[in-house]
Structures are given as C-alpha cells and as structure tokens.
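Fold and contact review
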Amino acid sequence: MDAIILKRKDIREYDQIVTCLTDHFGKQEYLIRGVKKIVSKNAAHIEPCSVVDMEFVSAKSGDMLTTVYTTQYFSHVKKDYIKRLVADMLLTLVDMCTTTGEDLTVYPLLLETLDILNTKRPLLDPVYFIDRFVLYLGKAVGISPVLEACCICKSNKKDDTEYILSIKQGGICCRSCVPLEGAIYPFCAEYRTILTMSTCNMSLRQQGLFHAYLHHHMSFHSPQSIPDWGNIKKWLNVADLCIIET
Ligand SMILES: [Zn+2]
C-alpha cells in the first residue's frame, strides 16, 4: 500500500502513532512499535512529507505498521525553506479538512501537488499556490465554495458585479438573494479562473480579499477551524530579516 506521511506523535517510551494518507483507505492512523529505539530500521522511513510503501497488521490495540520503505523523498522540497513550509502547510490542511477514511481523491491530489512543488523552479507566490490547492482540496472533500451560479436562485446570467460571496450560503449569491450584512465578501470575475491559472492574474488587493474569503469559508465549512496559511508570508519575512542580520 502507498501512503504519504502527514504527521507522527509519540506514545509511550519507544512507540509512535503515524497519521498518513493512503491510496487505498484514505486518511488512517497506525501504531508503529519501537520506532524510537536506536536500532529501529523504520525510523528514517516515517518522516512527514515522504511517500512510503507500507504493510500493516490489524491488532486489538489498532492497526500496526510492520514494514515501511520510503519511495519518494521530495528532495527539492526538503532543501528549500519556503517549499518546506508550504509542504508542511499542505499536510496540515489535508489532516484538518479530512476525516478518517475520507474520499480517495485526496491522495492523488496531494501527491500531484507535492510533485509540482518538487520541481527545481523557485516558488514565487506561496500563498496563491496554497489557495489553489485548497480550492481543489475543498472540491475533493465536498466543501469548495460555489463560484459558478447563485447558491440560492441558481442564476448564472447576471453581471459579475451583481454577486457577492456569502460564507453561510457557501459561495456566490445575487445581491438581491441574501441580506447584505454579516459574513459577506466582494466577488470579482477573476476568482472563477483561479483553478485554471497556475500564475495569479489578480491585483494584490483582489488576491488578498480572495485569500481572506477562502480561509473564512474553509474554516466555517470544515470539521474544525483551520490555520491561516496566509501567515506563511509573515514567517517568510521574519526568516528574511534573520538571514540579513546574521
Ligand atoms: Zn440568486
């Protein structure tokens, strides 16, 4: 079975629980025994953000990993500070937006996105890259914002300026269909093209507003509130300052 390691946590002195996204069973947790012992041959193979080939057995205490081998390591991601931060955020978002055994389309989506991130080219716009991933992730788990037609009357014939984005309704609505108060955001036609455009064609203001909307939408409709991946920009600025000062 193939799997992408999402995270791991310690239990007892030498054991860990590994959370991973598998190609056959969606998100799963496995117990891995003795992994913190110096002689453990599995320890190096359960690094988060690695693709592994694994085998498990079902036991009373839960499913237990027996063998695990890394098949893909994403070396360009792990060597690049920005990409590493982005990859960690993708893993966190997948973990927080999915439930155990969720839709199997998330595995190929995450694998393809990590492959794209792993190219030698630098990542110019980390927040836009994650915004696009989140739209695809939302589609895979059934909570993406509706951007095609009004969530209430289903009209898609109006001028784009006649729509607004409603958090509660889950996407665009005619201004005449919802009260213009509470959690609403402006809508612009460029938002419909984000899934097809790998580079951003929006102004900085539009991009910032869309990001704020998308994060609010995902937090509202996900099983749990999710971290704001836009904070990556702040962390990168702090890292730049540290590099200049040393
Ligand atoms: Zn409407």
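About the cut-offs
Residues numbered from 1 in each chain as written. Predicted model: local features only at pLDDT ≥ 70, side-chain atom pairs only at ≥ 80, totals over all residues. Pairing = 2+ DSSP bridges. Helix = DSSP H or I, 4+ residues; strand = E, 2+ residues; numbered from the N terminus. Axes fitted to C-alpha atoms, helices over the stretch in contact; angles between N-to-C directions. Domains from an automatic or database assignment. Contact = placed C-beta atoms within 7 Å. Nonpolar A, V, L, I, M, F, W, Y, C, P; charged D, E, K, R; others polar. Core = buried A, V, L, I, M, F, W, Y, C linked by C-beta atoms within 7 Å. Buried ≥ 20, exposed ≤ 12 C-beta atoms within 10 Å, placed from the backbone. Parallel < 35°, antiparallel > 145°, perpendicular 65-115°, else oblique. Left-handed = near helix turned anticlockwise from the far one by under 90°. Expected span 1.5 Å × (residues − 1).

On to the pairing of strand β1 (residues 2–11). In the sheet, β1 pairs with strand β4 (residues 51–59) via three bridges, with the strands oriented antiparallel. Along β4, the bridge assignment pairs A3 with V52. The pairing of β1 with strand β2 (residues 15–22) spans eight bridges and is antiparallel. Pairing of I11 across the sheet is with D15, part of β2. The loop that links β1 with its antiparallel partner β2 comprises three residues; one of these, R12, has a positive phi angle of about 55°.

In spatial order, the strands read β7-β6-β8; together these three strands make up an open sheet with antiparallel pairing. Two strands close off the open sheet at either side, each with one partner strand: β7 (171–174) and β8 (184–186). Ignoring strand direction, the axes of neighbouring strands in this sheet form an average angle of 45°. As judged from the four bridges shared by strand β6 (residues 163–166) and β7, these two strands associate in the antiparallel manner. Its bridge partner being in β7, L165 is matched across the sheet by I172.

Further remarks concern the domain arrangement of the protein chain. Looking at the protein chain, the domain boundaries give domain 1 (2–72) and domain 2 (85–245). Taking the mean C-alpha position of each, domain 1 and domain 2 sit 30 Å from one another. Each partner contributes to the interface: domain 1 provides 14 residues, whereas domain 2 provides 14 residues. Counting residues per element, the ones that place at least two in the side of domain 1 that touches domain 2 are β1, β2 and β3 (26–32). Residues belonging to the side of domain 1 that touches domain 2 are distributed by class as follows: seven nonpolar, four polar and three charged.

With 56 residues, the main nonpolar core has I5, L21, L90, V94, I130 and L137 as its most contacted residues. When residues of this core are assigned to domains, at least three map to each of domain 1 (2–72) and domain 2 (85–245). If we skip the residues at most four places from it in the chain, L90 touches L110, T113, I130 and F133.

Despite not being glycine, R12 shows a phi value in the positive range, around 55°. With 9 C-beta atoms packed within 10 Å, R12 lands in the exposed category. Unlike most non-glycine residues, F74 shows phi in positive territory, near 55°. Looking at the secondary structure, you find F74 in the loop between β5 (62–72) and α1 (75–79).

At their nearest, the axes of helix α3 (residues 106–117) and helix α4 (residues 126–141) sit 10 Å apart, and the two run at 165° to each other. Between α3 and α4, the angle falls in the class roughly antiparallel. The element α3 and its partner α4 pack so that their crossing is right-handed. Counting all contacts with α3, which are made through V106, L109 and T113, the residues of α4 involved are F133, Y136, L137, A140 and V141. Across the contact of α3 with α4, the residue classes break down as seven nonpolar, one polar and no charged.

With that out of the way, let us pick up the environment of K154. Counting through the fold element by element, K154 comes out in the loop between α4 and β6. In the structure, K154 is positioned 40 residues away from I194 in sequence and 21 Å away in space, judged by C-alpha atoms.

Taking 1.5 Å per residue, 18 residues should reach 26 Å; helix α5 (residues 204–221) reaches 26 Å between its end C-alpha atoms and fits that length. Within α5, burial applies to Q207, F210, H211, Y213, L214, H215, H217 and M218. Where α5 is buried, its residues touch α2 (81–97), α4, β6 and β8.

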